[in-house]
Each structure stands twice: as structure tokens, then as C-alpha cells.
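Structural description and commentary
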Amino acid sequence: MGKEICPFAFCSKEVCQSLEASDGEGRGDTEMMQQETAPVPALSKKTKQPKECFLIKPKETSEDATKTRKRRKKKITDVLAKSEPKPGTPEDLQKLMKDYFSSNRSVIELEELNLPDSCFLKANDLTHSLSSYLKEICPKWVKLRKNHSEKKSVLMLIICGSAVRALELIRSMTAFRGDSKVMKLFAKHIKVQEQVKLLEKRVVHLGVGTPGRIKELIKQGGLNLNPLKFLVFDWNWRDQKLRRMMDIPEIRKEVFELLEMGVFSLCKSESLKLGLF
């Protein structure tokens, strides 16, 4: 075998021998130092770097939106559109009166507002025209109107929700009214003072109008309710929004205020009859 060549060829023989003697002891330390000082291999470009984790909110579907959306309040139009038309009954009026007055009346006062069944006429079963219904509830109308001569009063009041509806009712009652004098009792294009003067000048048998104007005429002394024999509500008719007259809060309020202006007492004395057309 050939001679081993000292890697440190430039060193002296003594230095080389000392290095060989200490080679066994220091080799371990040298290896450890090499491991400690060895550079850490750089991460390859292909190695995926850790990324932050974000929770992605799932897209809201139409079903989820419907569930989380606030429930829309049902309107009277929605309720009526799904329900079949039912004729009004005296019980309907009694219930509405109780609900309206219950917030500011005592139990005893509410009982006093209950109207006797005898004051109610037969209600329309949705098969009548206005003329045929009035003929049924008042078969002696011709004799009754001939005996009426008192001014500032009417024998029959028909209450509806608007001026347009009042004109429709006047046109549709031609077969019943005959020679009776009819007066329009609503606010549209007619001043209340003009209506008061007309009621003072001539005898009127029939009045057709809105509860607000009728109430105002009573307040101003232009209309006396004592000779009144029939009070008919346009109960079953519905407007474009499918609302009846009593479904509209403003009109319902005026109707009950009108009833308090002498109608309740006339009904209890059985001199006045109520009809639901």
C-alpha cells in the first residue's frame, strides 16, 4: 500500500502527529460543530407555505332569506282574498262594537251597548239588489213616506264608505224609491251649510251618505234622528282592495261615533231598525 499523504502537506511532522493523536477525541466535537454550523437548507419553491385560515360564509339561498326575513304582517286584503264572501250578520256588528269600545269602557258600560235582537232587520244574504232588499225589509214604504212631512229629517238612512259608492246606491234603488225625495249626504263637492239649508227647506225621505258627513249634520242641528225608522249599512260591498266599509279603521270609528249620537237609544226603544245590506 502507498503511503498516506497528510492533507496538511505544508505542516511539520510534529504538528501532523499531534493532529492524528487528537483525531479520535475531537472528531465527535468537529462533527457536532459541523452539524450546528451547517446551513439550513432553504425551502424549495415547491414547498407550500402555511396560509391563514378564513371561515367563508356560505352563500345565502332564497330559502334561507325567506326564513330569516321578518314575517310580514297579514293585511286585511290578503285575508279577504283567500276567504269566500260571507253575508254580514247582527252578531258581526255586535262583536265589532264590543272590540271598539272595550278599550275605554267598563264591563257594565259594555253591557249597556248590547243591542236587542228585535232592533235588527233581516240581513242581506248576498242575493238581493238594493231595491229588492229595501222592499223586503220595508214593504209599507209608500204609505210610510206619504205620512212623512217633517223637515230636517229622513225616514231612512243608508250609510256607505264613500261618495262614489253613495251615487251608485242612489242609482241602484230607483225601483224602490219611486217618488221619494232622496238627498246625498256626503262631503265631496258639497258644503255642510248647503246641506243644512236644503234639509230646512224641503221634506226628504231618503238620505244616502258617509258617516262623517251625517255625524256633522247632526252636530250642527241640520238633521234630526228622532223620525228615523230605518238605518241600513252598506255592509257587504267591497272596494278594489277587497275591503268592506267596516274594515277601514277611519270609517269604522265614524260609524260607532254616529251610533252613540242617539242611535243606540232609538234602537233600544224599538223605534229604529238596523239593516245590513
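A quick note: this is a predicted structure, and the numbers were derived from the prediction, not measured.

On to the sheet that holds strand S5 (residues 273-276). Taken in spatial order, the five strands of this open sheet run S2-S3-S1-S4-S5, and their pairing is parallel. Every interior strand has two partners, whereas the edge strands, strand S2 (182-185) and S5, have only one. With direction set aside, neighbouring strand axes in the sheet form an average angle of 20°. Relative to S5, strand S4 (residues 230-233) is paired through four bridges, and the arrangement is parallel. Bridging across to S5, Phe 233 finds its partner in Leu 276. Of the strands in this sheet, strand S1 (156-159), S4 and S5 touch helix H7 (residues 130-137), which is tilted by about 145° from S4. Contacting S1, S4 and S5, helix H13 (residues 249-268) runs over the sheet at an angle of about 145° to S4.

Close contact between helix H11 (residues 192-201) and helix H12 (residues 211-219) brings their axes to 10 Å; oriented N to C, the two are set at 65°. Helix-helix and strand crossings are classified by hand; for H11 and H12 the assignment is right-handed. Only Arg 213, Glu 216 and Leu 217 of H12 make contact with H11, whose side of the interface consists of Val 192, Gln 195, Val 196 and Leu 199. In terms of residue class, the contact of H11 with H12 is made up of four nonpolar, one polar and two charged.

Counted by the stated rule, this structure contains nine salt bridges. Across the pair Lys 95 and Asp 99 runs a salt bridge, and its minimum N-O distance is 3.1 Å. Linking Lys 95 with Asp 99, this pair stays in helix H5 (residues 90-101), spanning four residues, or about one helical turn. Lys 95 gets classed as exposed once you look at its relative accessible area, which sits at 53%. Linking Asp 247 and Arg 244 is a salt bridge whose minimum nitrogen-to-oxygen distance equals 3.1 Å. Look at Asp 247 and you get buried, because its relative accessible area is 15%. Each of Arg 165, Glu 168 and Asp 234 takes part in one network of salt bridges that share partners.

So, on to the pairing of S4. What you see with S4 is no split at all: Phe 230 and Val 232 on one side and Leu 231 and Phe 233 on the other are buried throughout. Two strands pair when backbone bridges link them, and S1 and S4 are joined in this way by four bridges, in the parallel orientation. Bridge pairing in S4 links Ile 158 to Val 232. In this region the chain leaves S4, passes through H13 and returns to the parallel neighbour S5; the handedness of that crossover is right-handed.

This part takes up the nonpolar core. Among the nonpolar cores identified, the biggest contains 41 residues, and Leu 231, Phe 233, Leu 259 and Leu 274 are the most heavily contacted of them. Looking at this core, the elements with two or more residues in it are H5, S1, S2, H11, H12, S4, H13 and S5. Looking at this core, the element that brings in the most residues is H13, giving nine residues. For Leu 259, the contacting residues outside a window of four places in its chain are Met 97, Leu 231, Phe 233 and Phe 264.

Moving on to the packing of aromatic side chains. Enumeration over the complete set of coordinates arrives at seven aromatic pairs. Of the aromatic side chains, those joined through ring pairs into one cluster are Tyr 100, Phe 101, Phe 256 and Phe 264.

On to the packing of H12 against H13, then. In contact at an axis separation of 9 Å, H12 and H13 are set at 30° when each is read in the N-to-C sense. When the axes of H12 and H13 are compared, the pair comes out roughly parallel. Between H12 and H13 the crossing geometry is left-handed. Taken together, the residues of H13 that come into contact with H12 (itself represented by Pro 211, Gly 212, Ile 214, Lys 215, Ile 218 and Lys 219) are Ile 251, Glu 254, Val 255, Glu 257, Leu 258 and Met 261. Looking at side-chain class alone, the contact of H12 with H13 contains seven nonpolar, one polar and four charged residues.

Criteria and thresholds
- Residues numbered from 1 in each chain as written.
- Predicted model: local features only at pLDDT ≥ 70, side-chain atom pairs only at ≥ 80, totals over all residues.
- Heavy atoms only, no water.
- Pairing = 2+ DSSP bridges.
- Helix = DSSP H or I, 4+ residues; strand = E, 2+ residues; numbered from the N terminus.
- Axes fitted to C-alpha atoms, helices over the stretch in contact; angles between N-to-C directions.
- Contact = heavy atoms within 4.5 Å.
- Left-handed = near helix turned anticlockwise from the far one by under 90°.
- Nonpolar A, V, L, I, M, F, W, Y, C, P; charged D, E, K, R; others polar.
- Salt bridge = Lys/Arg side-chain N within 4 Å of Asp/Glu carboxyl O.
- Buried < 20%, exposed > 50% of the residue type's maximum accessible area, 1.4 Å probe, protein only.
- Right-handed = clockwise from strand over helix to strand, strands pointing away.
- Core = buried A, V, L, I, M, F, W, Y, C linked by side-chain atoms within 4.5 Å.
- Phe/Tyr/Trp six-rings, centres within 6.5 Å; stacked < 30°, edge-to-face > 60°.
- Parallel < 35°, antiparallel > 145°, perpendicular 65-115°, else oblique.

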